[in-house]
Every structure is written in C-alpha cells, then in structure tokens.
Amino acid sequence: MTTDRQFPTTIWEGISSARKGDARELDLLLGRYRAPITGFLRWKGSTEHEAEDLAQEVLLRVSQPGFLQKVDPSKGRFRSLLLAVTRHVISEHARHENAERRGGSARVLHESEMAETTANLYEQAAAPSADDSVFDQLWVSELVARALHGLEEDANARSTPVAAAFRLKYLEGLTQEQVAERLGCTVFNAKNYVYYGKLKFKQKLLESIKAYCTTPEEFDLEVRRLAPYWKGDDA
C-alpha cells in the first residue's frame, strides 16, 4: 500500500471536537456505534428492550467529559475501547440483577469513577477476545449499510441505476440477465451498471474505514482485519 494518503477527517477529530463540548459532533460520533453495540448486546443474550437500554448506558458513559479526556488513539482503536466498555456494562448489569435477586442493590458508578476505569478498559481492549470477531462483524455491517446508503445517494443524484443494479446482483443474488430484465435494459448495460456499482460501493466502504484511521499503516491494518467480514471481490 502507498503511504502518501492524507487523513484529513478521522474519528479522532470527532472525539476531539466532542471533548470541547461540540454536542452535534458527539451525537454523530455515538450514533455511528449504536447499532453495533446493540447488536452485540443481543448476541450476548439481551432482549431487544434490554439491549437498547444497555446500549444507551454504554454511550452515556463514553459521552462523559472525564471519559473522553482519557481516550488516547495511541493506545488502540476506539472501537476496541467501546467493546471493552460494553462488556463492562454487561458485567455490571449482571451483578445488579444478582444483587436484586438477593434483596440488595448494586452501587451506581459516579462520573469520576467512570473516567478512572478507562485505563483498565484499555488493558482489556488490548487483550484478544472471542468477542472481537463478533463486534468486528457487526461493525462491518454498519459500514456496509453506510456505503450502500452513500451509493444510493450518488445514484439518485446522477439518475443512474448503478445502486439498484448492485443490490439486485449482490444482495438479491440475481443473474446479469435477471438484473437486465428488472431494470428494463440490455444485458450489456446491466453488466456495466453492476460493474460501476461494485466499484463505487467498494470505494464508499474503504472511505468509511479510512474515516476511523489516522495513518496509512493503520488503514492497511484495518482493511486486512475487517476484510474477512465483507464479500470482498465478490461484492
């Protein structure tokens, strides 16, 4: 991979703005991670309602100024830290439920205590876990959904059926001939639409990954790490 790529806007710039009190940037930052966190909680056995509540608790903790001030890109991916926070919230929730069954109650952490746990959470995030691959897969699903949305926006703006062709071929599994029939065009044109849709989708997906990296080396590593969870050259 080349090393001359620029990374003008990354997730860490969003975190920096959120630290300074930019509420809109904080909402955007946390909104990007809500679906993977909720999906992970469901995978861990939470009900839909419970997963929504626990995901909100995770995002509430991450949004605390004291927590954000301790977030450090040199210590690892923000996504890994979020997973560690999520596991921490799951453990606390289990302790709280056990305490209630015994007739007691679990102590609620104060904001300062949330911030103090960050260092320990970094240590947990650095340790390999079976949960990592699950959360990575859920994260890729979020990136894919975002890439598809971007592809559709571009296609609508240009009045071209490339997004529709891409969906028909790779999401519905239709043949080129069936895509042509659905779009009402020749097979030759259908193949072109699918081809350009595939190129634009992959570009959008890589741009999404790039937005969460700070260096070309980190980008290359992240692409390799996440590649097993998308369709690669077949998408």
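Notes on the structure in this doc start here. (Residues numbered from 1 in each chain as written. Predicted model: local features only at pLDDT ≥ 70, side-chain atom pairs only at ≥ 80, totals over all residues. Heavy atoms only, no water.)

## Observations concerning the overall build of the chain
- A tally of regular secondary structure across the chain gives 12 helices and 0 strands.
- In the chain, the succession of α and β elements from N to C terminus is α-α-α-α-α-α-α-α-α-α-α-α.
- With 235 residues in all, the chain has 40% of them scored as buried.
- Of the contacts made within the chain by residues no fewer than 6 positions apart, 69% connect residues no fewer than 24 positions apart. (Helix = DSSP H or I, 4+ residues; strand = E, 2+ residues; numbered from the N terminus. Buried < 20%, exposed > 50% of the residue type's maximum accessible area, 1.4 Å probe, protein only. Contact = heavy atoms within 4.5 Å.)

## What to know about the pattern of salt bridges
- Scanning the model with the defined rule gives 12 salt bridges in all.
- Linking E142 and R146 is a salt bridge whose minimum nitrogen-to-oxygen distance equals 3.3 Å. Of this pair, E142 and R146 both sit in helix 8 (residues 130–158), 4 residues apart, roughly one helical turn.
- In the salt-bridge network here, residues are joined through shared partners; they are K44, R87, D131 and D132. (Salt bridge = Lys/Arg side-chain N within 4 Å of Asp/Glu carboxyl O.)

## Observations concerning helix 9 (residues 162–171)
- For helix 9, the set of buried residues is V162, A163, A165, F166, L168 and Y170.
- Where helix 9 is buried, its residues touch helix 8, helix 10 (176–183) and helix 11 (187–210).

## Some details on the packing of helix 2 (residues 23–43) against helix 8
- At their nearest, the axes of helix 2 and helix 8 sit 9 Å apart, and the two run at 140° to each other. As judged from the angle between their axes, helix 2 and helix 8 are oblique. The way helix 2 lies across helix 8 gives a crossing that is right-handed. Residues R32, Y33, A35, P36, I37, G39, F40 and W43 of helix 2 form the contact with helix 8, whose own contacting residues are D131, V134, F135, L138, W139, E142 and R146.
- Among the residues making up the contact of helix 2 with helix 8, the classes are represented as 10 nonpolar, 1 polar and 4 charged. (Axes fitted to C-alpha atoms, helices over the stretch in contact; angles between N-to-C directions. Parallel < 35°, antiparallel > 145°, perpendicular 65-115°, else oblique. Left-handed = near helix turned anticlockwise from the far one by under 90°. Nonpolar A, V, L, I, M, F, W, Y, C, P; charged D, E, K, R; others polar.)

## Describing unusual backbone geometry
- Despite not being glycine, S159 shows a phi value in the positive range, around 50°.
- Following the sequence through the fold, S159 ends up in the loop between helix 8 and helix 9.
- The exposure class of S159 is exposed, given its relative accessible area of 68%.

## Quick look at helix 8
- Its 29 residues give helix 8 an end-to-end C-alpha distance of 43 Å, which sits within 8% of 42 Å, the value for a rise of 1.5 Å per residue.
- Immediately downstream of helix 8, the backbone of S159 shows phi near 50°, a positive value. (Expected span 1.5 Å × (residues − 1).)

## Here we look at the nonpolar core
- If you look at the biggest cluster of nonpolar residues, it comprises 55 residues, and the most contacted ones within it are L29, Y33, I37, V62, F78 and I209.
- The element contributing the most residues to this core is helix 8, with 9 residues.
- Dropping the residues within four chain positions of it, V62 is found in contact with L30, F67, L68, F78, L82 and V85. (Core = buried A, V, L, I, M, F, W, Y, C linked by side-chain atoms within 4.5 Å.)

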